[in-house]
Amino acid sequence: MSEESESVFSVVPDDEESGEKFKKSDQVAFYRRQMQGPNLQHRALLDTMVLTEKGARFELLEANTQTRLILLVSPCKNDTVRILIDELQPIKARYRVQDVTTGEPQCEQLRVKRQTKGCVTLTWSSGRHQARVWRFPFYLEILCEEEVMVTFNSRGKLWFETLQDRPSELQEDDSSSLWKETFKQFVDIKANGPSSIGADFCLHGFSHVYGLPEHADSLKLRDTRDDEPYRLYNLDVFAYDLYSRFGLYGSVPLLVAHKLDRTLGVFWLNASETFVNIRYSPSDQQDEQVPLIQRRWREPQTDVHWLSESGVMDCVLLLGPSPQQLFSQYAQLTGYPALPPLFALGYHQSRWNYKDEADVREVDAGFDLHDIPCDAMWLDIEHTDGKRYFTWDPVCFPDPAGLQLHLEEKNRKLVVISDPHFKADPDWSLYQEARDGGHFVKDREGELFLGSCWPGESCYLDFSRPATRAWYSRCLTLDKYKGSTPSLFLWNDMNEPSVFGGPEQTMPKDAVHYGGWEHRELHNLYGFYQHKATVEGLMTRSGGSERPFVLTRSFFAGSQRLGAVWTGDNVATWEYLKISIPMLLSLSVTGVGFCGADVGGFFKDPDPELLVRWYQAAALQPFFRGHSACVAKRREPWLFGEEVTAAIRTVIQQRYQLLPYWYTLFHQAHTSGLPPIRPLWVEFPRERGTFSVDNQHMIGGALLACPVTDPGVQEVKVLLPGSDEIWFDVQSAMAHEGGRTLTLPVTLDTVPVFQRGGSVVCRSAGSSSCTADLQLLPLSITVALDSQGAADGELYLDDGHSFNYLHRKAFCLRRFNMLSGRLLCRAASEEGAFDCDTVVHSVTILGLKSKPTAVTVHQSGSEDTPAEFQFTETCCELTVSSLSLRVLTDWEIHIL
């Protein structure tokens, strides 16, 4: 570690300081006002109703304040309902989030079903759904088949502070906090005065809600009535507290509720600071002193109260009813996840920082020497010339293009960091361009906003400005970014944005962006916009032909369209390993499926057992990167002795073998919105015992993973859901009945993974040094039979790097189906054509009840041929070997 790195790292707060650096909810003025303020009673003026092509429009009146609002209720064709509320006659436009939703959804034509003095009931399409607007007190019910699913404003929490002209002088009284707010030494001047909004939703029949990342907390969101609310405010939080509702690096304002017969979502489209309170009402009285016979059953419900600092009220109800339909509805609204280049699903090796080119080459060679696959080497901030992004340290990295070419010869990539702050150096040409082009955020006085970050005094790019994003994107072209090559990729860090010494270590809310908007309006969008500009830069670099890869720390709804996310500055402890699973599941259920946590923990030093267990867990998660801080000891996989090296080698090799399945899952996400990893309840929505499980997860619909996350254990308990399911231990091939909890003995080498009966999983056979080798390797197919002796699964193939799958339909999707002793390989889609020589080398069938007398292979145009097979009676496993069946052609295997 260099002296420079050591001094730089010293600005990071220790644990004691970080608690004082950030606000609690009672220190936030708009939150206090709404929680302590008067109960407002809004009236729906039903005689103002107008039915338009976009829905039903009503005026709302709050009698005490005489505030008039406009309400628009818009049902859409994909079973979603949008609720939009704005001022009827604002003195100026309020901020509306742009670029997150992917287009105007197609609205349904509304019609009046019933109308009285007290309410009007609207319906659409087949009449299955209804919206009922009540006059006074105003509330809105959404019904399905005459059953109320959601009530908006059920507790009368609707709150809407109208914009005001600033008074000529502020008096030092209670009202002054409406225009000026102080936290520590920081003074926030509010150009528009108080502008907060809030509303509550009652979710009828629900007692499990999820989502609202990013928080280091359990998968099921907790009741907040006796503690802090969930906060959505993107912040740079080093070594964050665990089991906390405190806001972290990114925000997705989507809450997902699930019960036995329905999954439902509430999407709150607002980019300002937001709090969410959750209140569960149980299904029965919990007092154990009350005799069971006297307990009164009540329908469970969950009340959700959203409070945001500014903007308009724009929310979308996603009505499901299945988890799969909800994911599709959300993807249609905010975009389907990007299909990443195949290398991005491999293993990535990073450190703050590899010190020079020789260091990178040596580590790269270490993977080959120890027979460990790897797809990318990563460089942190020290690779630059004095923390000037898009530059290279002339001493340590004098030949960056040569380094990239060296890696590219092995089909490996280089990934470098690019943060949103620019060193305020008037002699640096890129800074001059940005300054002269008006690309920096301003302070409230109209001067360049100056903050501090890794380079020292810095200016921050205004990524909300389209011209700035376009300029930044052009900085990534090969002629502009000296030393870059087509095999260089990017990661965006510190883009909450992080401002050392700023309020809560971020940008002041009264800083000013493009269009005159205050930072408070779009704070949670800042990282999303940098991510967008970086992705568009890589797209531009390749002329739109190559898929980009960009990792980001800060994110928002819609970030799934752009690339990957990681969980930031975690710590090398067992507790952080354990929390990574619910954190990634929370991201997954809110659309951000390409996610991961730094293997081994970013800060501090893992012991060998923890490091092995972390690799085992992370290899079963979507994004797989080892990363560590400059003050941590080096931890390349081969530095801990041969036993540890062998264990890590095994799990990374297993990850690469499973990549055909992973890649198929990412294609499924790209086309359906289904996340690659899923909570158990997504696959078993009617099994209540799965609803709170967050130490296990599904990988697609076929594999169940239960990573070992405790030290020194000799056994783990694994919930195998589904009383009619069969689960096969991937290591032993032994079958286990579902609907029970299995006690599984484990050693350091044990990675508990089970294949679900009824599924087919494709793996690469043989070893590889990187993902580029995969299409040269044959496939091994594992067929796990269900109780009916059936199974099916898919395999997606394309070139792994270009957009030809999209523009030229250069892909193939194959389906494997097992029924009545016959395994069929057929096209799963009429669309697409892709030429490759991939062959199936072996087929393993799990759960075959008896040894077959013969196995034959049938290919169209050829005679049936006998196949070699072995049958293991102890685990009912049939292996058909020595095959050479092209995956692109139709064929059958008959078990006789």
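Residues numbered from 1 in each chain as written. Predicted model: local features only at pLDDT ≥ 70, side-chain atom pairs only at ≥ 80, totals over all residues. Heavy atoms only, no water.

**A word on the overall build of the chain**
(1) Moving on: Looking only at helices and strands, the chain features 16 helices and 51 strands.
(2) Moving on: A compact globule built from 896 residues would reach a C-alpha radius of gyration of about 29 Å, and the chain, at 28 Å, matches this within 12%.
(3) Moving on: Counting only C-alpha atoms and orienting by the principal axes, one finds that the chain spans roughly 90 × 75 × 60 Å.
(4) Moving on: Burial status across the chain gives 61% buried among its 896 residues.
(5) Moving on: A sequence separation of at least 24 residues applies to 70% of the contacts in the chain between residues at least 6 apart.
(6) Moving on: For the chain, the accessible area works out to roughly 33100 Å², and carbon and sulfur atoms hold 48% of it.
(7) Moving on: Charge separation in the chain, taken as the distance between the mean sites of 87 positive and 119 negative side-chain charges, equals 6 Å. (Helix = DSSP H or I, 4+ residues; strand = E, 2+ residues; numbered from the N terminus. Rg over C-alpha atoms; globule rule 2.2 N^0.38 Å. Buried < 20%, exposed > 50% of the residue type's maximum accessible area, 1.4 Å probe, protein only. Contact = heavy atoms within 4.5 Å. Areas by Shrake-Rupley, 256 points an atom, 1.4 Å probe, with all protein chains shown as cover. Lys, Arg positive; Asp, Glu negative; His and termini not counted. Charge placed at Lys NZ, Arg CZ, Asp CG, Glu CD.)

**Things to note about the environment of Leu369**
(1) Moving on: With respect to the element layout, Leu369 can be found in helix 5 (residues 357-369).
(2) Moving on: When the C-alpha atoms of Leu369 and Trp638 are compared, they prove to be 9.7 Å apart, with 269 residues separating the residues in sequence.

**Focus: the packing of aromatic side chains**
(1) Moving on: What the rule picks out here adds up to 47 aromatic pairs.
(2) Moving on: Note on Phe138 and Phe152: the rings are 6.2 Å apart at their centroids and 65 degrees apart in plane angle, and the pair reads as edge-to-face. Residue Phe138 is located in the loop between strand 7 (129-134) and strand 8 (139-144), and its partner Phe152 is located in strand 9 (residues 147-152); the two are separated by 14 residues in the primary sequence.
(3) Moving on: Residue Phe138 is classed as buried on the basis of its relative accessible area, which comes to 1%.
(4) Moving on: Given a relative accessible area of 1%, Phe152 falls into the buried group.
(5) Moving on: Centroid distance Tyr347 to Phe624: 4.9 Å. Interplanar angle 65 degrees. Geometry classified as edge-to-face. (Phe/Tyr/Trp six-rings, centres within 6.5 Å; stacked < 30°, edge-to-face > 60°.)

**Examining the environment of Val843**
(1) Moving on: As for its placement among the helices and strands, Val843 is situated in strand 45 (residues 839-846).
(2) Moving on: Sequence-distant contacts of Val843, defined by excluding residues within four places in its chain, comprise Ile781, Val783, Leu823, Leu878, Thr879, Val880, Leu883 and Ile893.

**Description of the sheet that holds strand 3 (residues 67-76)**
(1) Moving on: With antiparallel pairing, eight strands are arranged side by side in an open sheet as 1-2-3-4-20-17-16-14. Only two strands of the sheet have a single neighbouring strand rather than two, namely strand 1 (42-52) and strand 14 (209-211). Taking the axes of each pair of neighbouring strands and ignoring which way they run, one obtains an average angle of 20 degrees across the sheet.
(2) Moving on: By the bridge criterion, seven bridges tie strand 1 to strand 2 (residues 55-62) in an arrangement that is antiparallel. Looking across to strand 2, one finds that Thr52 is bridged to Gly55. (Pairing = 2+ DSSP bridges. Axes fitted to C-alpha atoms, helices over the stretch in contact; angles between N-to-C directions.)

**Looking at the packing of helix 11 (residues 574-589) against helix 12 (residues 608-618)**
The description of two packed helices rests on the angle between their axes and on the distance between the axes.
(1) Moving on: Contact pair helix 11 / helix 12: the axes reach a minimum separation of 10 Å and the direction vectors enclose 5 degrees. Looking at the two axes, helix 11 sits roughly parallel to helix 12. Facing Trp574, Tyr576 and Leu577 of helix 11, the residues of helix 12 in contact are Glu609, Leu610, Arg613, Trp614 and Ala617.
(2) Moving on: Tallied by class, residues from the contact of helix 11 with helix 12 come to six nonpolar, no polar and two charged. (Parallel < 35°, antiparallel > 145°, perpendicular 65-115°, else oblique. Nonpolar A, V, L, I, M, F, W, Y, C, P; charged D, E, K, R; others polar.)

**Re empty space enclosed by the protein**
(1) Moving on: Following the criterion strictly, the structure yields eight cavities of 30 Å³ or more and no others.
(2) Moving on: In this model, the second largest cavity occupies a volume close to 150 Å³.
(3) Moving on: Broken down by secondary-structure element, the contributors of at least two residues to the lining of the second largest cavity are helix 14 (659-672) and strand 42 (791-797).
(4) Moving on: Residue composition of the lining of the second largest cavity, grouped by class: ten nonpolar, three polar and one charged. (1 Å grid on protein atoms, 1.4 Å probe; cavity = no way out; pocket = protein on both sides within 12 Å on 5 of 7 lines; lining within 4 Å. Points joined across faces, edges and corners; volume = space filled by probe spheres on them.)

**Remarks on the pattern of salt bridges**
(1) Moving on: Within this structure, the stated rule accounts for 56 salt bridges.
(2) Moving on: Among the salt bridges present, the one from Arg826 reaches Glu892, with a minimum N-O distance of 2.7 Å. Separated by 66 residues along the polypeptide, Arg826 in strand 44 (residues 822-827) and Glu892 in strand 51 (residues 891-895) bring together distant segments of the chain.
(3) Moving on: Accessibility expressed as a relative area gives 8% for Glu892, which makes it buried.
(4) Moving on: When salt bridges with common partners are traced through the structure, they connect Asp188, Arg231, Glu273, Glu309, Glu504, Lys509, Glu518 and Arg520 into a single cluster. (Salt bridge = Lys/Arg side-chain N within 4 Å of Asp/Glu carboxyl O.)

**Digging into helix 3 (residues 29-36)**
(1) Moving on: Considered for burial, the residues of helix 3 that qualify are Ala29, Phe30, Tyr31, Arg33 and Gln34.
(2) Moving on: Looking at the buried residues of helix 3, the elements they touch are strand 10 (159-160), strand 11 (180-183), strand 13 (197-204), strand 18 (274-281) and strand 19 (301-308).

**Quick word on the sheet that holds strand 26 (residues 456-460)**
(1) Moving on: The strand order across the open sheet built from three strands is 24-26-25, with neighbouring strands paired in antiparallel fashion. The open sheet terminates on both sides in strands that have one partner only, identified here as strand 24 (421-423) and strand 25 (450-453). For this sheet the average axis-to-axis angle between neighbouring strands, irrespective of direction, equals 55 degrees.
(2) Moving on: Where strand 25 and strand 26 come together, four bridges link them in antiparallel fashion. Residue pairing for strand 26: Gly451 is matched across the bridge by Ser458.

**Description of unusual backbone geometry**
(1) Moving on: Residue Glu214 is reached from Pro213 by a cis peptide bond, and omega for that bond is 20 degrees.
(2) Moving on: Cis geometry is adopted by the peptide bond preceding Pro321, which originates at Gly320 and carries an omega value of 10 degrees.
(3) Moving on: Mapped onto the elements, Pro321 comes out in the loop between strand 20 (313-318) and helix 4 (323-334).
(4) Moving on: Phi at Leu212 takes a positive value of approximately 55 degrees, unusual for a residue other than glycine.
(5) Moving on: Looking at the element boundaries, Leu212 is found in the loop between strand 14 and strand 15 (230-232).
(6) Moving on: The phi torsion at Glu504 lies on the positive side, around 55 degrees, for a residue other than glycine.
(7) Moving on: Position of Glu504 relative to the elements: it lies in the loop between strand 27 (488-492) and helix 9 (519-522).
(8) Moving on: For Glu504, a relative accessible area of 3% gives the class buried.

**Re the state of the cysteines**
(1) Moving on: The final tally for this structure, using the stated rule, is zero disulfides.
(2) Moving on: Free of any disulfide, Cys315 has its nearest neighbouring cysteine sulfur in Cys76, separated by 12 Å.
(3) Moving on: No disulfide involves Cys459; its sulfur sits 12 Å from that of Cys453, the nearest cysteine. (Disulfide = S-S within 2.5 Å.)

**Brief notes about helix 8 (residues 466-474)**
(1) Moving on: Residues of helix 8 that are buried include every one of Thr468, Arg469, Trp471, Tyr472 and Ser473, and no others.
(2) Moving on: Where helix 8 is buried, its residues contact strand 24, helix 7 (429-436), strand 27 and helix 10 (526-541).

**Here we look at the nonpolar core**
(1) Moving on: Counting residues in each nonpolar core, the largest one holds 164 residues, and the members touching the most others are Leu525 and Phe549.
(2) Moving on: Element by element, the count of residues in this core is highest for helix 11, at ten residues.
(3) Moving on: With residues near it in sequence (within four places) discarded, Leu525 still touches Tyr95, Val97, Val100, Ala271 and Phe556.
(4) Moving on: One finds Ala56, Ala131, Met149 and Val266 within the second-largest nonpolar core, a separate group that totals 51 residues. (Core = buried A, V, L, I, M, F, W, Y, C linked by side-chain atoms within 4.5 Å.)

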